[in-house]
Amino acid sequence: MKKEKRIYIAALMAGLIIILIFDVLLIVSYRRNYYDKLDIIGSMVYYDEYEDGVINHASDILKGESDGADTDGVDVLREYGYLGREGNVFYGEFLNNVLKVVIISVFLYAAYVSAILLLKRHAEKHEKNELETIEKIISEFRSGKYDYVFDESFSEKEGTAERIYMQLESLGSCLKALKEEARLEREETKVLVTDISHQLKTPVAALRTSFEILTSMDLSTDERAEFSERCRSQLRGLENLLNALINISRMEHGMIEIKRENSRIFDTVVHAVDRVYVKAEEKHINISLEGADSLKELMLPHDRKWTGEALINILENAVKYSDCDTHITIRLIKLVTFLRIEIEDEGIGIPAEEYNNIFKRFYRGSVERIRKEEGSGVGLYLAREIISRHGGTITVSKGQKGGSVFTVQLPLKD
Amino acid sequence: MDTILKTENLCKYYGSGQNEVKAVQNVNLQVENGEFVAIVGKSGSGKSTLLHMLGGLDNPTSGKVLVKNRDIFKLKEDELAIFRRRKIGFIFQAFNLVSSLNVWENIMLPIGLDGRKPDEEYVWDIIQTLDMQDRVYNMPNTLSGGQQQRTAIARALAAKPDIILADEPTGNLDSKISEEVMALLKMSAQKYGQTLVMITHDEDIAQMADRIIVIEDGRVVKQ
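Because the structure is predicted, anything quoted here is derived from the model rather than measured. (Residues numbered from 1 in each chain as written. Chains lettered and ligands numbered in written order. Predicted model: local features only at pLDDT ≥ 70, side-chain atom pairs only at ≥ 80, totals over all residues. Heavy atoms only, no water.)

Caption draft 1: Expanded view of the sheet that holds strand β5 (residues 338-344) of chain A. All names here are of chain A. As summarised here, the arrangement of the 5 strands in space is β2-β4-β5-β7-β6, forming an open sheet in which the pairing is mixed. Each edge of the sheet is formed by a strand with only one pairing partner; in this case those strands are β2 (286-291) and β6 (393-398). Ignoring strand direction, the axes of neighbouring strands in this sheet form an average angle of 15°. Across 6 bridges, the pairing between β6 and strand β7 (residues 404-411) is antiparallel. Directly across from V396, in β7, lies its bridge partner F406. (Pairing = 2+ DSSP bridges. Helix = DSSP H or I, 4+ residues; strand = E, 2+ residues; numbered from the N terminus. Axes fitted to C-alpha atoms, helices over the stretch in contact; angles between N-to-C directions.)

Caption draft 2: How the structure looks around the sheet that holds strand β8 (residues 163-167) of chain B. Residues and elements named next belong to chain B. The strand order β7-β8-β9-β4-β10-β11 describes an open sheet built from 6 strands, whose pairing is mixed. Looking at strand neighbours, the two that pair on one side only are β7 (88-92) and β11 (219-222), the edges of this open sheet. In this sheet, neighbouring strand axes are inclined to one another by 25° on average, regardless of whether the strands run parallel or antiparallel. Pairing geometry for strand β10 (residues 211-216) and β11, over 3 bridges, is antiparallel. Across the sheet, residue I215 finds its bridge partner in β11, namely V220.

Caption draft 3: Looking closely at the pattern of salt bridges. Residues and elements named next belong to chain A. If you walk through the whole model with that rule in mind, you get 26 salt bridges over all chains. In this structure, E124 and K120 form a salt bridge, with 3.9 Å as the shortest nitrogen-oxygen distance. On the criterion of helical spacing, the pair formed by E124 and K120 is a turn pair, its members being 4 residues apart in helix α4 (residues 89-142). What makes K120 partly exposed here is its relative accessible area of 25%. Here R264 and D267 are joined by a salt bridge, their closest N and O atoms 3.3 Å apart. (Salt bridge = Lys/Arg side-chain N within 4 Å of Asp/Glu carboxyl O. Buried < 20%, exposed > 50% of the residue type's maximum accessible area, 1.4 Å probe, protein only.)

Caption draft 4: Broad picture of unusual backbone geometry. Residues and elements named next belong to chain B. In the Ramachandran plot, K68 falls in the positive-phi region, its phi being about 50° despite a non-glycine side chain. Mapping K68 onto the fold places it in the loop between β5 (62-67) and β6 (70-71). Here K68 falls in the partly exposed class, since its relative accessible area comes to 22%. Residues other than glycine seldom take positive phi values, yet N69 does so here, at roughly 65°. Mapped onto the secondary structure, N69 falls in the loop between β5 and β6.

Caption draft 5: Expanded view of helix α2 (residues 77-87) of chain B. All names here are of chain B. Here α2 lies mainly inside the structure; 8 of its 11 residues are buried. Buried within α2 we find E79, L80, I82, F83, R84, R85, R86 and K87. Each element contacted by the buried residues of α2 is listed here: β5, β7, α3 (103-113) and β8. (Contact = heavy atoms within 4.5 Å.)

Caption draft 6: Quick peek at the nonpolar core. All names here are of chain A. Counting 51 residues, the largest nonpolar core has I314, L315, I328, I330, L339, I341 and I343 as its most contacted members. Broken down by element, the residue count for this core peaks at 8 residues, all from helix α8 (residues 304-320). Built from parts of two domains, this core gets at least three residues from each of domain 2 (161-252) and domain 3 (261-411). Among residues more than four places away in sequence, those in contact with L339 are I265, L295, L298, L300, I333, K334, V408, Q409, L410 and L412. (Core = buried A, V, L, I, M, F, W, Y, C linked by side-chain atoms within 4.5 Å. Domains from an automatic or database assignment.)

Caption draft 7: Geometry of the interface of chain A and chain B. Contact residues are listed per partner, giving 34 residues for chain A and 29 residues for chain B. For the chain A and chain B pair, buried surface summed over both sides reaches about 2900 Å², with 47% attributable to carbon and sulfur atoms. Remark: the boundary between chain A and chain B carries 3 salt bridges. Put simply, E179(B) and R340(A) hold a salt bridge, and the shortest N to O gap is 3.1 Å. Taken together, the elements giving at least two residues each to the side of chain A that touches chain B come down to α5 (160-216), β5, β6 and β7 of chain A. The dominant element in the side of chain A that touches chain B, judged by the number of residues it contributes, is α5(A), at 5 residues. Here the residues of the side of chain A that touches chain B sort into 12 nonpolar, 11 polar and 11 charged. (Buried area = accessible area lost by both parts, 1.4 Å probe. Nonpolar A, V, L, I, M, F, W, Y, C, P; charged D, E, K, R; others polar.)

Caption draft 8: Focus on the domain arrangement of chain A. Residue and element names in this part refer to chain A. According to the domain assignment, chain A contains domain 1 (2-141), domain 2 (161-252) and domain 3 (261-411). Taking only C-alpha atoms into account, the centre of domain 1 sits 94 Å from that of domain 2. Contact residues are listed per partner, giving 6 residues for domain 1 and 7 residues for domain 2. Summing both partners gives a buried area of about 500 Å² for domain 1 against domain 2, and 80% of it is carried by carbon and sulfur. Looking at the side of domain 1 facing domain 2, the largest losses of area belong to E130, I134 and F141, adding up to 76% of the total buried there. One can count 0 salt bridges joining domain 1 with domain 2. Where domain 1 packs against domain 2, one counts 1 residue pair in polar contact (both at pLDDT 80 or more). In terms of residue class, the side of domain 1 that touches domain 2 is made up of 4 nonpolar, 1 polar and 1 charged. (Polar contact = N/O pair within 3.5 Å; in protein donor to acceptor, adjacent residues only side chain to side chain.)

Caption draft 9: Structural context of a nonpolar patch on the surface. Residues and elements named next belong to chain A. Taken together, the side chains of I9, M13, I17, I21 and L25 make up a nonpolar region of the molecular surface, amounting to roughly 500 Å² of accessible area. Mapping I17 onto the fold places it in helix α1 (residues 2-47). The class of I17 is partly exposed, set by a relative accessible area of 46%. (Patch = residues over 30% accessible without salt bridge, like charges linked within 9 Å, V, L, I, M, F, W, Y side chains within 5 Å. Areas by Shrake-Rupley, 256 points an atom, 1.4 Å probe, with all protein chains shown as cover.)

Caption draft 10: A look at the environment of A111(A). All names here are of chain A. Tracing the chain through its elements places A111 in helix α4. Overall, the relative accessible area of 42% leaves A111 in the partly exposed class. Along the primary structure A111 and M13 are separated by 98 residues, whereas in three dimensions their C-alpha atoms are 14 Å apart.

Caption draft 11: The side chain of K283(A), seen in detail. All names here are of chain A. Along the chain, K283 falls in the loop between α7 (265-282) and β2. For K283, a relative accessible area of 18% puts it in the buried group. Of note is the side chain of K283, whose polar atom sits 2.7 Å from the backbone oxygen of S322.

Encoded structure:
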């Protein structure tokens, strides 16, 4: 604001100075003109003393050979009392001209000042308009309308105001995204609750049926044993499901915070293998770990518990859907930005059409073999969530011996 | 949701009469802000043509492309060029690096073209994220394919575009490097809040996307 004021004052001063210089130049030239006239008249009087003097002198002046002021004409005129205000008509003319110059310059200057003031007012009004527009946009943001779209001109020049509008636009979309995120979260919770109730329904119903049969009917010992076993298996299923659901709900509500700490990723992998080792042993499945020796010491920022959980989920599937006497191979490969962990099994494999579905919540394959196995359809979903939160990726592809290869990529640094 | 990119009955036909080829037919799709969408299709399915139209590189026969609700084909030719420079980052299969400029100069090129002051700190952060800090003064022909594509990714990200359009970004790379470059692209787009639209024929890579759009004979068959 202060700077602008200074610019206006400078403009006014500059105008004044230019007009003053112009005036002085004009007046000086008028004054010279006046004295030239006096000189010429004076010289006329002087040359009058010679024969043909006046005529010769006049012709000299006209031919430009003399400027007529070669004599002290003014002195001659002064001698005869023709100088000054009352002395001759030219002085009056000179004064008149000076007056005209002064009056015109005053008018010109006044016009200049008013033009500048008008310009200033216009700029202020424009600024006020801009501020009002911005205020309006902000108050719309406050009332929850974030749809402001800046009508960008895509021209080469870009003013400050334009940048502010652009920033406002992105602020608007940012706020909108936040609001939307909150809404989606609520929506997600609803869906989650519905999904969970749905998942619990089937095993609970089955459990109840088995239990009712067990208590109300007259059963042989063999039958009794069978239904008891069914109850037990349903309960085990329920327990597994509940554990998985607890993990999911924790994950989705941000109760699980992925804490990435620099530690040896090799240890996490080995720990995950330990957890599935017993189940693998039962089926005579051999788990081998391949990778450069230096990787044993590789430090990588990751959450040990949850990364382990993700790997366990993948490994459990590998064991579950593989036949006896097969191999599971884990390969660690250090790339430029990521550590690549490949988990390859020789199991039943996954049809390519299902690649995008297996990571969805509660999705289970359509093949009977999968239906037969216990499972809640959350393991891979959870694994993907965990890996994503590490800034990594998880994908699946076909293995060399018909099984599946799960590829996890974890960034080597934050 | 906050839609950033939308098409309305987008069509592109080449030739006329019996020789008419319908490269893209009545495509209606929507991409949300911050989303990672993969457009999957076989070669010749029209996916490249579609992507070119999304980025304003090619004019449609009919239909609209709306970026933040603005019809980009209503812009004048030079406005469209500036729009592309500011709002869209392109990544191509062939990397398209300028061979006479080093890595740093290649990355700064689009910003320089726009006459904007580059946010050098931001660019450095990108370069570090992409692990190219040791090669900023290398010439493109001294880089491996993966490094060249990292440079192209950095170039696309550096101008802070709203949308990144990637045309088979890993088509020239072997599978391990492809997957790493893709993970990197995804991670960076996430980090810098950019929307990513990628076309590919590689199912493995498409899995990393939030959503897959399948295109066949110029039509969207699955969203």
